[in-house]
Amino acid sequence: MPGLVSLSPSRRAAPPHASVVAEGREAIALAMRVLVVEDEAMIAWMMESLLQDMGFSDIVVVSSGEDAVEMATDLLPGLILSDINLGTAGMDGVEAVMSIAQRGVVPTLFISGYASEETRDRIRRQVPGAGVPRKPVDAETLRLAVTRVLSVSGRN
Amino acid sequence: MMASPLDDASLGAVLKTALDAVIVMRMDGVIAGWNAVAERTFGWTFVESNGRRMSEMIIPVRNRAAHEDGLSHYLATGEGPVLDRHIEIEALHKDGREMPIELSITRTAQFGEPVFLGFLRDISERRDAVRRQDLLIGELNHRVKNLLGVVAGIAHMTARNSATLESFSAAFAGRLSSLGRAHEILTAATWERAPLRAIVEELLGPYPGGPDSPVTLDGPDLLLAPRHLLAVSMILHEMISNAVKYGGLSAAGGKVALRWSLTNGELNMAWIESGLSGVVAPTRKGFGSRMIAMTVTHDLRGRADTEWREDGLTFHLSFDPGAKEA
């Protein structure tokens, strides 16, 4: 599909150097650094694994909004996957992504178990274009959401 | 002072002892009756309210004009859309605060001249209870979805590290069981801090105590935050599974000692396996060691290392159990 980044399901079996063998915009997408912000270790680990299956190899995982903001300064991620509720203290995922966006907007997926209408409104207003897939997220849902958010950002 | 209809010997006496606030308002909008519950609910005594306009007493300023217009409309047309219905609305207390009330108004001629009789109930507590319930349901929803995410993560990563369906099935069931037990302990502690010893004894419960036991436990009673207790339960489960398969609980003579202490605000745990022979450090990292490493840094924000010896191993774990993010 012209103009769209396509992360095909067949890439599930891709080797770790998939970003090298992929072509065009897809190669650019897969070569980008992904920042995963998730406070549950098992969920973060699964996200990392699913992203690796899609062909991403440069994945950084952090457990708090503060760590995400700090890391993003140096790491300049090209894609962020963030939980919204990051434990009982500190900034939530939306606050962290907004803070990171002050230095440049990064395509973002907010992956949360429960996003109230109020939270969705907040995301629409403050992080326009962000996807909000629901937990637990499966491989195909994640692939489609990543493809969509990168395509939207590519068009813009 | 004008006599109140509530001084009436029959119906008035009943209304005076009602559990709701009862207010009598004349057709011209002036208060003529005000029982003891109305005094407690709105802060004004009968003496203070008697003869004053209802709209000035308990109706918030923004609604006063509508009240007066509605009264005029009723007197002119006989149409009273708020009569004989249950309405929830805000009312004003003497001290200036607003409160939600439930209200029903009827017109009666029981006291001679027709009057409006209002029954009012402060529903602040009910509203608070609904708000609390909504919060709890939201929190429960969040927790359940998060737990499903954790279970999906465990399933995904266990599958990635299982050679056969049988080995996946056994490993996944064991991990879920440990998670379930940690949840039971946290639920018993109403999801506040829960005792570390409870999860240790729960997971190591199948091993008998006494001098010949292969398992010894030693540490003070202390409480862990839910996030920490869940993380420790998952780590312990992996240590126990590994010990049962290959380590201190796999062969006669093998021993496991679990010790923990709190020093300078840091919890130090040591899992010591001994009594074995020919132990060598594994060359590749399996699910257990990777999951432990991830949980230690991610969920506990702590440190861990494993020391391998010929006769066993010692796994050290340290973290701050008072960390705010827990």
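Residues numbered from 1 in each chain as written. Chains lettered and ligands numbered in written order. Predicted model: local features only at pLDDT ≥ 70, side-chain atom pairs only at ≥ 80, totals over all residues. Heavy atoms only, no water.

## Side note on the interface of chain A and chain B
Rules: Any pair of residues with heavy atoms lying within 4.5 Å of one another is described as a contacting pair. For any pair of parts, buried area is found by adding up, for both, the accessible area (1.4 Å probe) each one loses once the two are put together. A pairing counts as a salt bridge when a side-chain nitrogen of Lys or Arg comes within 4 Å of a carboxyl oxygen of Asp or Glu. Numbering of helices and strands runs from the N terminus, with a helix taken as a DSSP run of H or I at least four residues long and a strand as a DSSP run of E at least two residues long. Basically, the charged four are Asp, Glu, Lys and Arg, the nonpolar ten are Ala, Val, Leu, Ile, Met, Phe, Trp, Tyr, Cys and Pro, and anything else, Gly included, counts as polar.
The interface is formed by 26 residues belonging to chain A together with 27 residues belonging to chain B. Both sides of the chain A and chain B interface together cover about 2,300 Å² of buried area, and 61% of this is carbon and sulfur. When the buried area of chain A at its contact with chain B is split by residue, A:M42, A:W45 and A:Y114 rank highest and sum to 31% of it. At the junction of chain A and chain B, the tally comes to three salt bridges. B:R160 is the salt-bridge partner of A:D53, the closest N and O atoms lying 2.5 Å from each other. Taken together, the elements giving at least two residues each to the side of chain A that touches chain B come down to α3 (41–54) and β2 (59–62) of chain A. Sorting elements by how many residues they give to the side of chain A that touches chain B places α3(A) first, with nine residues. Along the lines of polarity and charge, the residues of the side of chain A that touches chain B split into twelve nonpolar, six polar and eight charged.

## Some thoughts on the domain arrangement of chain B
Operational definition: Where a domain begins and ends is set by an automatic assignment or by a domain database.
Domain assignment breaks chain B into domain 1 (5–122) and domain 2 (127–319). Once you take the C-alpha centre of each, domain 1 of chain B and domain 2 of chain B turn out to be 63 Å apart.

## Examining unusual backbone geometry
Here the amide bond leading from A:K135 into A:P136 is cis, since omega sits at -10°, within 30 degrees of zero. Locating A:P136 in the fold gives a position in the loop between α6 (117–126) and α7 (139–155). One non-glycine residue, B:D84, lies in the positive phi region at around 55°. Mapped onto the elements of the fold, B:D84 is located in the loop between α5 (61–77) and β3 (87–92). Although it is not a glycine, B:N264 adopts a positive phi angle of roughly 50°.

## Considerations on the sheet that holds strand β10 (residues 266–274) of chain B
Think of a sheet as strands paired side by side through backbone hydrogen bonds, with each pair either parallel or antiparallel. Residue and element names in this part refer to chain B. Defined as follows: By definition, two strands form a pair when at least two bridges between them are found by DSSP. Interaxial angle, 0 to 180 degrees, is taken between N-to-C directions of lines fitted to C-alpha atoms, where a helix line uses only the stretch in contact.
Taken together, five strands build an open sheet; the order of strands is β7-β9-β10-β12-β11 and the sheet is mixed. Because the sheet does not close on itself, it has two edges, and the strands there are β7 (215–218) and β11 (303–309). Put simply, the sheet's adjacent strands are angled 10° from each other on average, direction ignored. As paired strands, β7 and strand β9 (residues 255–263) are joined by four bridges and run parallel to one another. The residue of β9 that forms the bridge with L217 is L258.

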